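Structural features, examined
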Amino acid sequence: MEPILTYQSVEICFNGRAVTHDVSFSLHAGEILAIAGESGSGKSSLLRAAMGLLGREGLVTRGDIWFQGLDLPDLTERELRRLRGAEIGMIFQDAGASFCPIRTVGAQIFESMAAHGKITRAEARAQALQLFDKLDLQDGARIWDSYPFALSGGMVQRVGIAAAMLMQPSVLLADEPTSALDILTRQQVIREMLRLRELFGTAIVIVTHDIGVAAAMADTVLVLREGRTVEYGPAGRILSAPRHPYTKQLLAAVPRLRRS
């Protein structure tokens, strides 16, 4: 089976300083890949590079990121805009920051969906409420009509995940989606993302500094240290018999979250 997303020897620089070095991995349909490592190891930059969100100072200086035959770093902003949301979804560490505080959740979801195709507000609402229900988000109509500040931080994060999936992208990039959450909400978010894979066959790349999250979700694990790959392979092997001392340190540092 051909991979849906492939990084080949990717180097990313900010203001001429490399933050990742020769990073390669592949993602197949329905696969969950966890990229684990300490803060500052270049994990988030790898996701942002695929979305064209490195900012003015950031640049993919070597290598390729292939998605459906397209080399993402070579695409124009207009071409990337067509892919964002519709083909590649992204969840940020603080989903609340991606919502405008003075507009309802529903208005923002409708605007996002309308940007990628012809849809009425009623159709968008029906699709959103249906997905909220499938993900066990209680009282979907209230969520749709709420302003983000009226929802708890954990609920906003869960709604952000649901919103990222309404266009049913084939790949979902998740940048530390559980790091600011309490243990109960973290478990809910993990279940929600696993449910998305079950519902849609979504391939997911999740960035985390908590290897316990990788243990609870991932089929494959990539461990980064200072922008370099130290281990890459099946989650079962890496998490039960790590070969690199750094991976052993990560495993010793945090409790594991059990799979539901």
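The structure we're discussing is the one just above.
Residues numbered from 1 in each chain as written. Predicted model: local features only at pLDDT ≥ 70, side-chain atom pairs only at ≥ 80, totals over all residues. Heavy atoms only, no water.

1. Details of helix α7 (residues 183–200)
With 18 residues, α7 should reach 26 Å at 1.5 Å per residue; the first-to-last C-alpha distance of 26 Å fits that figure. The complete set of buried residues in α7 reads Thr185, Arg186, Gln187, Val189, Ile190, Glu192, Met193, Leu194 and Leu196. Two or three places before leucine 184, at the start of α7, stands the capping residue aspartate 182, its side-chain oxygen 3.0 Å from that residue's backbone nitrogen. Two residues or fewer after α7 comes glycine 201, characterised by a positive phi angle close to 70 degrees. (Helix = DSSP H or I, 4+ residues; strand = E, 2+ residues; numbered from the N terminus. Expected span 1.5 Å × (residues − 1). Buried < 20%, exposed > 50% of the residue type's maximum accessible area, 1.4 Å probe, protein only. Polar contact = N/O pair within 3.5 Å; in protein donor to acceptor, adjacent residues only side chain to side chain.)

2. Things to note about the nonpolar core
In this structure, Phe132, Ile143, Met193, Ile206 and Val221 are the most contacted members of the largest nonpolar core, which totals 53 residues. Apart from the residues within four sequence positions on either side, methionine 193 is in contact with Ile91, Ile161, Ala174, Pro177, Ile204, Ile206 and Met217. (Core = buried A, V, L, I, M, F, W, Y, C linked by side-chain atoms within 4.5 Å. Contact = heavy atoms within 4.5 Å.)

3. Let's talk about the sheet that holds strand β6 (residues 88–91)
Pairing in this open sheet of 6 strands is mixed, and the strands run β6-β7-β8-β3-β9-β10 from one edge to the other. Strands with a single pairing partner mark the edges of an open sheet, and in this sheet they are β6 and β10 (228–234). Strand-to-strand twist across the sheet, computed as the mean angle between neighbouring axes with direction ignored, equals 15 degrees. Pairing geometry for β6 and strand β7 (residues 171–175), over 4 bridges, is parallel. Considered in β7, the bridge of isoleucine 91 is made with alanine 174. Set on the sheet, helix α10 (residues 245–253) makes contact with β9 (220–225) and β10; between it and β9 the angle comes to about 105 degrees. (Pairing = 2+ DSSP bridges. Axes fitted to C-alpha atoms, helices over the stretch in contact; angles between N-to-C directions.)

4. Observations concerning the packing of aromatic side chains
Any pair of aromatic rings gets described here by the distance separating the centres and the angle formed by the planes. The tally for this structure, following the rule as stated, stands at 2 aromatic pairs. Ring geometry for tyrosine 7 against phenylalanine 25: centres 4.3 Å apart, planes inclined by 20 degrees, an arrangement best described as stacked. Within this pair, whereas tyrosine 7 is found in strand β1 (residues 5–14), its partner phenylalanine 25 is found in strand β2 (residues 17–27), the two being separated by 18 residues in sequence. Residue class for tyrosine 7 comes out buried when judged on its relative accessible area of 1%. Summarising the aromatic geometry, the rings of tyrosine 147 and phenylalanine 149 are spaced 5.7 Å apart at their centres and angled 10 degrees between planes, so their arrangement reads as stacked. Of the residues examined, tyrosine 147 reaches a relative accessible area of 35% and is grouped as partly exposed. Since its relative accessible area comes to 64%, phenylalanine 149 is described here as exposed. (Phe/Tyr/Trp six-rings, centres within 6.5 Å; stacked < 30°, edge-to-face > 60°.)

5. Quick notes on the pairing of strand β3 (residues 32–36)
When you tally the buried positions in β3, you get 5 out of 5 residues, the bulk of the element. Two strands pair when backbone bridges link them, and β3 and strand β8 (residues 203–208) are joined in this way by 5 bridges, in the parallel orientation. Within β8, the residue paired with leucine 33 across the bridge is valine 205. Where β3 meets β9, 4 bridges bridge the pair, whose relative direction is parallel. Counted as the bridge partner of leucine 33 is threonine 220 from β9.

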